[in-house]
Amino acid sequence: MHCPECGFVNAEGANYCQKCGSYLGDVTEGDTTVTYQLDETGELKPVDLEPVVAEGAALVIRSGGGRSGESFAISGERMTIGRSPEAEVFLDDVTVSRNHALLVRRRDGLYIDDLGSLNGTYVNRRRIESHKLVDGDELQIGKYKLTYLEK
């Protein structure tokens, strides 16, 4: 059983992750991704992903850092992912390198390239150096799990 927070493989039937201590009891296959925004009152307001994806592609945080549901519209030719506050996809955790990965548009599609990060970049549970993204790919960057969605 994979931990939803850090991705560590735990023994079947475990209630808590041996690596990060996250609760594993309510992990189910086929969970859907929900996106939300904070409204003016500080309440969580669900966001329909259709308009986000209609503009192109998006990354949605599935788990990690208490930020489940946040989305990042992918625009332009390049987008940086990392712990640096200047990154377009800012993931503030020590498990993420300052300049962790790069989304880059090439002739045949959108790719994610690892930038020599310490903990690596994973797509569909495999460590990658460079990978062409397809709709539904699951990325793991540090303790964050993100889903790539495209129109």
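Note that the structure is a prediction, hence the values are computed from the model and not measured.

> Outline the sheet that holds strand E9 (residues 121–123), supporting the account with residue identities and numerical values.
Here we have six strands laid out as an open sheet, ordered E4-E3-E13-E12-E9-E10, and antiparallel in their pairing. The sheet is open, and its two borders are formed by strand E4 (71–74) and strand E10 (126–128), each paired with just one other strand. Between one strand and the next, the sheet's axes are offset by a mean angle of 30°, whatever the strand orientation. Relative to E4, strand E3 (residues 57–63) runs antiparallel, the two sharing four bridges. Residue pairing in the sheet places Ala-57 in a bridge with Ile-74 of E4.

> I'd like a description of the nonpolar core, backed by residues and values.
Ranked by internal contacts, the top residues of the largest apolar core, which has 22 residues, are Leu-59, Ile-81, Leu-91, Leu-103 and Ile-112. Of all the elements in the fold, those that place two or more residues in this core are E3, E4, strand E5 (78–82), strand E7 (101–106), strand E8 (109–114), strand E12 (138–141) and strand E13 (144–150). Look past the residues within four positions of Ile-81 in its chain and what remains in contact with it is Leu-59, Ala-87, Val-89, Leu-91, Arg-98, Asn-99, His-100, Ala-101, Leu-103, Ile-112 and Ile-141.

> Break down unusual backbone geometry for me, citing the residues and quoting the values.
With a phi angle near 50°, Asn-124 is a residue other than glycine that sits in the positive phi range. Here Asn-124 is to be found in the loop between E9 and E10.

> Summarise the pairing of E3; cite the residues concerned and give the values.
Buried residues dominate E3, accounting for six of its seven residues. As judged from the six bridges shared by E3 and E13, these two strands associate in the antiparallel manner. Note that in E13 the partner of Ser-63 across the bridge is Lys-145.

> Help me get a handle on the pairing of E12, residues and values and all.
Judged by which residues are buried, E12 turns out to be covered on both faces: Glu-138 and Gln-140 on one side and Leu-139 and Ile-141 on the other are all buried. Pairing of E9 with E12 involves three bridges; the strand directions are antiparallel. When the sheet's bridge partners are listed, Tyr-122 is paired in E12 with Gln-140. Examined bridge by bridge, E12 and E13 share four bridges and lie antiparallel to one another. Directly across from Ile-141, in E13, lies its bridge partner Tyr-144. Between E12 and E13, which pair antiparallel in sequence order, lie two residues; one of them, Gly-142, sits at a positive phi of approximately 60°.

Definitions and cut-offs
- Residues numbered from 1 in each chain as written.
- Predicted model: local features only at pLDDT ≥ 70, side-chain atom pairs only at ≥ 80, totals over all residues.
- Heavy atoms only, no water.
- Pairing = 2+ DSSP bridges.
- Helix = DSSP H or I, 4+ residues; strand = E, 2+ residues; numbered from the N terminus.
- Axes fitted to C-alpha atoms, helices over the stretch in contact; angles between N-to-C directions.
- Core = buried A, V, L, I, M, F, W, Y, C linked by side-chain atoms within 4.5 Å.
- Buried < 20%, exposed > 50% of the residue type's maximum accessible area, 1.4 Å probe, protein only.
- Contact = heavy atoms within 4.5 Å.

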